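In case you want the letters, here they are:
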Amino acid sequence: MSTLEELKAALRDTLAARGTLGQIQARVRSEIFNALEETEDPKPPMSHENLVINELIREYLEYNNFKHTLSVLLPETGQPAERIDRSFLSQDLNVRDDAHTRQIPLLYTIVGRLQHEKAGGGARRTDSSSPGYPGMAPSR
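Residues numbered from 1 in each chain as written. Predicted model: local features only at pLDDT ≥ 70, side-chain atom pairs only at ≥ 80, totals over all residues. Heavy atoms only, no water.

Trainee: I'd like a rundown of the overall build of the protein chain, residues and numbers included.
Mentor: When you go through the protein chain residue by residue, the secondary structure sums to six helices and zero strands. If you list the helices and strands of the protein chain from N to C, you get α-α-α-α-α-α. Classification of the 140 residues of the protein chain by burial places 26% in the buried group. Contacts in the protein chain between residues at least 24 apart in sequence constitute 59% of all its contacts with a sequence separation of at least 6. Per element, the accessible surface of the protein chain, about 9,700 Å² overall, is 56% carbon and sulfur. (Helix = DSSP H or I, 4+ residues; strand = E, 2+ residues; numbered from the N terminus. Buried < 20%, exposed > 50% of the residue type's maximum accessible area, 1.4 Å probe, protein only. Contact = heavy atoms within 4.5 Å. Areas by Shrake-Rupley, 256 points an atom, 1.4 Å probe, with all protein chains shown as cover.)

Here's what the structure looks like:
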């Protein structure tokens, strides 16, 4: 007969193999944050900048399948459950969004543009097809 420690290890391994252990841990973290927030002072209203930054992070996390991190980010930041329209974000940030760039999060396009500018490429083109942007689409 198995000992209690062997049973715990087997259960932990099974949950990890199914991908549910991380979900459970993220849910517990989220509930802890929610419980702590109930006892804290109310948060100030979210600024426009924070709303945009949180949405860029949300898009990045979803793209990379970081579900557990996202499950903590949304309740902790107070980001609206409904997504902000990507065309609004690209216009607000002055980032060209075309058929190629829509395949990846806006954060990749922004980082690519900044890298291009740093390399001396200037800021004339903001799409991922401009020189200096190879490899911006992350491998999956």
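Next comes the rest of the description.
Trainee: Which residues make up a nonpolar patch on the surface, and what are the values?
Mentor: A cluster of nonpolar side chains, contributed by I24, V28, I32 and L36, occupies part of the molecular surface with about 340 Å² of accessible area. With respect to the secondary-structure elements, V28 resides in helix α2 (residues 20–39). Judged by relative accessible area, V28 falls into the partly exposed class, the value being 44%. (Patch = residues over 30% accessible without salt bridge, like charges linked within 9 Å, V, L, I, M, F, W, Y side chains within 5 Å. Salt bridge = Lys/Arg side-chain N within 4 Å of Asp/Glu carboxyl O.)

Trainee: Help me get a handle on unusual backbone geometry, residues and values and all.
Mentor: Excluding glycine, residues mostly carry a negative phi; peptide bonds, for their part, are mostly trans. Residue N65 is not a glycine yet carries a positive backbone phi of 60°. Topologically, N65 is positioned in the loop between α3 (48–63) and α4 (67–77). Positive phi, normally seen in glycine, also occurs at N94, with a value near 55°. You can see N94 is positioned in the loop between α5 (86–92) and α6 (106–121). According to the relative accessible area criterion, N94 is exposed, its value standing at 59%.

Trainee: Go over the pattern of salt bridges, please, and point to the residues and values.
Mentor: For the structure shown, the criterion picks out six salt bridges. A salt bridge links E55 to R83; the shortest N-O distance between them is 3.0 Å. In this pair, E55 is assigned in helix α3 and R83 in the loop between α4 and α5, connecting sequence segments 28 residues apart. Residue E55 is classed as buried on the basis of its relative accessible area, which comes to 0%. We note a salt bridge from E59 to R86, for which the minimum N-O separation is 2.3 Å. Here E59 is found in helix α3, whereas its partner R86 is found in helix α5, with 27 residues between them in sequence. With respect to class, E59 is no different from R86; both count as buried. One salt-bridge network, in which partners are shared between bridges, spans E55, R58, E62 and R83.

Trainee: Can you lay out the environment of E55 for me, pointing to particular residues and giving the numbers?
Mentor: Sequence separation between E55 and Q79 is 24 residues, and the spatial gap between their C-alpha atoms is 7.8 Å. A polar contact of 3.0 Å, which involves the side chain of E55, links it to the side chain of R83. (Polar contact = N/O pair within 3.5 Å; in protein donor to acceptor, adjacent residues only side chain to side chain.)

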